[in-house]
Amino acid sequence: QLIAMAWYIEDGSQLYFDAIKDVTQDQDIKNIFASLTDHKIVHKESLSQLFQKISGQTVGGDFPTSVLQRPPHKVMAGCISVPEAVNWSKDKGITDILGLLMSLEANTFDLYLKLGRHVGSDRARSVFIKLSEEEACHLEQLSSILDKTI
């Protein structure tokens with residue numbers, strides 16, 4: 001269930017990044033949003049493979065709903081509703097959006113770090129630690145862009 005929950009968070013974050021990519025005309029920021037979207041897709045694939053490896057079940061088109069009921073609304077890091085986050089972002093400047101993204105990436109980093117420390121499987125531990133390291137890289141990217149906008 002932890003893997004399915006992480007998959008939902010990655011999926012929601014991917015949807016959010018995709019929805020806000022046109023909030024700015026700055027090509028560097030657009031490229032970061034596109035990169036983050038691509039990373040979320042890779043993260044979801046890593047989580048699907050991890051589930052298959054640990055459970056021995058084939059991951060089908062019904063994953064992760066076959067494991068954990070889909071939340072009533074698409075959610076992203078911090079259990080924030082994707083539609084609410086998109087609506088909030090429409091009225092905000094890029095500095096506010098980058099601040100939100102940094103807090104969400106930090107939240108996801110922390111979640112994966114904790115999961116990596118507490119799961120029983122060495123394979124699961126290595127996947128969650130790798131995901132946490134990637135979230136740390138995302139934080140560095142966002143921080144760099146935020147520094148340029150301030």
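A. Structural context of the nonpolar core. Formed by 21 residues in total, the largest nonpolar core has its most connected members in Tyr16, Phe33, Leu98 and Leu101. Every element with two or more residues in this core is listed here: α1 (2-20), α2 (27-55), α3 (82-90), α4 (94-118) and α5 (122-149). If near-sequence neighbours (up to four positions away) are discounted, Leu101 is found in contact with Tyr16, Phe17, Ile20, Phe33 and Leu142. Among the nonpolar cores identified, the runner-up in size contains 15 residues, and Trp7, Leu50, Leu115 and Phe128 belong to it.

B. Main features of the side chain of Glu135. Looking at the element boundaries, Glu135 is found in helix α5. With sequence-adjacent residues up to four places away left out, Glu135 is seen in contact with Glu10, Lys40, His43, Glu105, Thr108, Phe109 and Tyr112.

C. Looking closely at the packing of α1 against α2. Contact geometry for α1 and α2: axes closest at 9 Å, N-to-C directions at 165°. Put simply, α1 runs roughly antiparallel to α2. Relative to α2, α1 is oriented so that their crossing is left-handed. Of the residues in α2, those touching α1 at Ile3, Ala6, Trp7, Glu10, Asp11, Ser13, Gln14, Phe17, Asp18 and Ile20 are Phe33, Leu36, Thr37, Lys40, Ile41, His43, Lys44, Leu47, Ser48, Leu50, Phe51 and Ile54. Tallied by class, residues from the contact of α1 with α2 come to 12 nonpolar, 5 polar and 5 charged.

D. How the structure looks around unusual backbone geometry. If you check the backbone angles, Cys79 has positive phi at about 55° while not being a glycine. By the element assignment, Cys79 lies in the loop between β1 (75-76) and β2 (80-81). By relative accessible area, which is 63% here, Cys79 ends up exposed.

E. Focus on the packing of aromatic side chains. For the structure shown, the criterion picks out 5 aromatic pairs. When the centroid spacing of 4.8 Å and the interplanar angle of 35° are considered together, the rings of Phe51 and Phe63 count as tilted. Taken together, the residues Phe51 in helix α2 and Phe63 in the loop between α2 and β1 connect sequence positions 12 residues apart. With respect to burial, Phe51 and Phe63 carry one shared label: buried. Ring pairing ties together the aromatic residues Trp7, Tyr8, Phe51 and Phe63, which thus form one cluster.

F. Looking closely at the pattern of salt bridges. Under the counting rule described, the total for this entry stands at 9 salt bridges. Close ionic contact of Asp110 with Lys114 constitutes a salt bridge, the shortest N to O distance being 3.1 Å. Residue Asp110 and its partner Lys114 are located together in helix α4, separated by 4 residues, close to a single helical turn. Asp122 serves as the salt-bridge partner of Arg125, at 2.7 Å between the closest nitrogen and oxygen. Of the two residues, Arg125 and Asp122 both sit in helix α5, 3 residues apart, roughly one turn of that helix. Through salt bridges with shared partners, a single ionic network connects Glu10, Lys40, Glu105 and Glu135.

Conventions used here
Residues numbered from 1 in each chain as written. Predicted model: local features only at pLDDT ≥ 70, side-chain atom pairs only at ≥ 80, totals over all residues. Heavy atoms only, no water. Core = buried A, V, L, I, M, F, W, Y, C linked by side-chain atoms within 4.5 Å. Buried < 20%, exposed > 50% of the residue type's maximum accessible area, 1.4 Å probe, protein only. Helix = DSSP H or I, 4+ residues; strand = E, 2+ residues; numbered from the N terminus. Contact = heavy atoms within 4.5 Å. Axes fitted to C-alpha atoms, helices over the stretch in contact; angles between N-to-C directions. Parallel < 35°, antiparallel > 145°, perpendicular 65-115°, else oblique. Left-handed = near helix turned anticlockwise from the far one by under 90°. Nonpolar A, V, L, I, M, F, W, Y, C, P; charged D, E, K, R; others polar. Phe/Tyr/Trp six-rings, centres within 6.5 Å; stacked < 30°, edge-to-face > 60°. Salt bridge = Lys/Arg side-chain N within 4 Å of Asp/Glu carboxyl O.

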